[in-house]
Amino acid sequence: MADRSSIEWTEATWNPTTGCDRVSPGCDNCYALSLAKRLKAMGSAKYQADGDPRTSGPGFGVTVHHDALDIPRRWREPRVVFVNSMSDLFHARVPLAYVSQVFDVMRETPRHTYQVLTKRAARLAKLAPLLDWPPNVWMGVSVESVDQLSRVDELRRVPAAVLFVSAEPLLGPLPALNLTGIDWLIVGGESGSNCRPMDPDWVRGIRDQCEASGTAFFFKQWGGRTPKAGGRDLDGREHSAMPSLVSTAPA
């Protein structure tokens, strides 16, 4: 979608699909849903399909975009790419054949590193054996509270080179989080007019768990009315650890 991104832990975004449906409390104030509504009103062609008003909204109906598949091939310089900042590749309405096409593009552009994030961990684990996982694909799941910890167990079944967890928006402590096999963890507070506050002790607990397990820890933001309103400092320093980029080969 864009060859540069303001998201702290990536460099670019690519949206071969758009649209989604809310599935857990972390989705309550979804930035992508609100943005899709604005993009539809502006006439953006990719955001004209409406989703179910109970779980989605205007411009946010799940849509595949075959014309977007070649975008990473046109980026000559290596990039770290967040896949589907405006969707979920493992949504039930994204066909396996299309997911496979997205993986084909990622495999055929090894100069880039791709970060794929899903809340549909069960479908991810089901489809994972049917996909060809290249070494430049990082796979993650969103976990905002203890009720979603099972997503991490599903993630461990996936043969991706890098496994990561995004605890954003973090809505509670995660004392039972098992980081076995998890390479990277991102924590972030919620932003926007209805943002829910994040307790610093929740973040400290996860930071300490990462240190004990050897998991790279990235603290993205405290959140607030705007994403950067609260800054990134945790106990006087920023935490920006990431796994090593596994492939920057030319293609």
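The shown structure was predicted, so the numbers you read here are calculated from the model rather than taken from an experiment.

Conventions we followed
- Residues numbered from 1 in each chain as written.
- Predicted model: local features only at pLDDT ≥ 70, side-chain atom pairs only at ≥ 80, totals over all residues.
- Heavy atoms only, no water.
- Core = buried A, V, L, I, M, F, W, Y, C linked by side-chain atoms within 4.5 Å.
- Buried < 20%, exposed > 50% of the residue type's maximum accessible area, 1.4 Å probe, protein only.
- Helix = DSSP H or I, 4+ residues; strand = E, 2+ residues; numbered from the N terminus.
- Contact = heavy atoms within 4.5 Å.
- Pairing = 2+ DSSP bridges.
- Axes fitted to C-alpha atoms, helices over the stretch in contact; angles between N-to-C directions.
- Expected span 1.5 Å × (residues − 1).
- Arc of directions from axis to C-beta.
- Polar contact = N/O pair within 3.5 Å; in protein donor to acceptor, adjacent residues only side chain to side chain.
- Phe/Tyr/Trp six-rings, centres within 6.5 Å; stacked < 30°, edge-to-face > 60°.
- Right-handed = clockwise from strand over helix to strand, strands pointing away.
- Salt bridge = Lys/Arg side-chain N within 4 Å of Asp/Glu carboxyl O.

**Looking at the nonpolar core**
- With 53 residues, the main nonpolar core has Trp14, Phe90, Trp133, Met139 and Val187 as its most contacted residues.
- Ranked by residue count, the leading element in this core is helix α3 (residues 96–108), at 6 residues.
- With sequence-adjacent residues up to four places away left out, Met139 is seen in contact with Phe90, Val116, Leu117, Thr118, Leu124, Trp133, Leu155, Val158, Ala160, Val162, Leu163 and Phe164.
- Core analysis: the second largest hydrophobic core is formed by 11 residues, Trp9, Leu117, Val162 and Trp184 among them.

**Quick notes on the sheet that holds strand β8 (residues 184–188)**
- The strand order β1-β4-β5-β6-β7-β8-β9 describes an open sheet built from 7 strands, whose pairing is parallel. Taken across any chain shown, the strands that pair with only one partner, and hence form the sheet edges, are β1 (12–14) and β9 (216–221). Between one strand and the next, the sheet's axes are offset by a mean angle of 25°, whatever the strand orientation.
- Looking at chain direction, strand β5 (residues 113–118) and strand β6 (residues 137–142) are connected through 5 bridges and run parallel. In the sheet register, Leu117 faces β6, and the bridge partner there is Gly140.
- Contacts between helix α6 (residues 200–213) and the sheet are confined to β8 and β9, with β9 contributing the most and set at about 155° to the helix.

**As for the environment of Gly231**
- Residue placement: Gly231 occurs in the segment after β9.
- Sequence separation between Gly231 and Gln221 is 10 residues, and the spatial gap between their C-alpha atoms is 5.7 Å.
- Aside from chain neighbours lying at most four places away, what touches Gly231 is Gln221 and Trp222.

**Comments concerning α6**
- With 14 residues, α6 should reach 20 Å at 1.5 Å per residue; the first-to-last C-alpha distance of 20 Å fits that figure.
- Where α6 is concerned, the buried positions are Trp202, Val203, Ile206, Arg207, Gln209 and Cys210. Taken end-on, α6 shows its buried residues confined to a sector of 160°, consistent with a single buried face. For α6, exposure combined with an orientation more than 90 degrees from the buried face picks out Asp201, Glu211 and Ala212.
- Check the buried side of α6 and you find it contacts β8 and β9.
- The N-terminus of α6 is capped by Asp199, whose side-chain oxygen sits 2.8 Å from the backbone nitrogen of Asp201.
- Backbone geometry just after α6 places Gly214 at a positive phi near 80°.

**Focus: the packing of aromatic side chains**
- Applying the stated criterion across every chain, the model contains 8 aromatic pairs.
- Centroid distance Trp9 to Trp184: 6.1 Å. Interplanar angle 80°. Geometry classified as edge-to-face. You can see Trp9 sitting in the segment before β1 and its partner Trp184 sitting in strand β8, a full 175 residues away along the chain. Per residue, the accessibility class of Trp9 equals that of Trp184, and both read buried.

**Brief notes about the side chain of Ser145**
- Tracing the chain through its elements places Ser145 in the loop between β6 and α5 (150–155).
- On the accessibility criterion, Ser145 (12% relative accessible area) is buried.
- In terms of polar contacts, Ser145 uses its side chain to reach the side chain of Gln148, at 2.7 Å.

**So, the pairing of strand β4 (residues 80–83)**
- With burial as the criterion, each face of β4 is covered, one bearing Val80 and Phe82 and the other bearing Val81 and Val83.
- Pairing of β1 with β4 involves 3 bridges; the strand directions are parallel. Residue Thr13 lies in a different strand from β4, and its bridge partner there is Phe82.
- Here 4 bridges tie β4 to β5, and the two strands are oriented parallel to one another. Each residue of the ladder has a partner; that of Val81, found in β5, is Tyr114.
- Assessed by its sense of winding, the connection that carries the chain from β4 through α3 to β5 is right-handed.

**Some thoughts on the environment of Gly51**
- Relative to the helices and strands, Gly51 is located in the loop between α1 (31–41) and β3 (63–64).
- C-alpha of Gly51 to C-alpha of Leu33: the two residues are 18 residues apart in sequence and 9.7 Å apart in space.
- Ignoring sequence-local partners within four residues, the contact set of Gly51 consists of Ser56, Gly57, Phe60 and Gly61.

**Concerning the pattern of salt bridges**
- Summed over all chains, the structure comprises 19 salt bridges.
- Two residues, Arg151 and Glu144, come together in a salt bridge whose shortest N-O distance is 3.3 Å. The two residues Arg151 and Glu144 agree in class, both being buried.
- Connected via shared salt-bridge partners are Asp201, Arg204, Arg207, Asp208 and Asp235.

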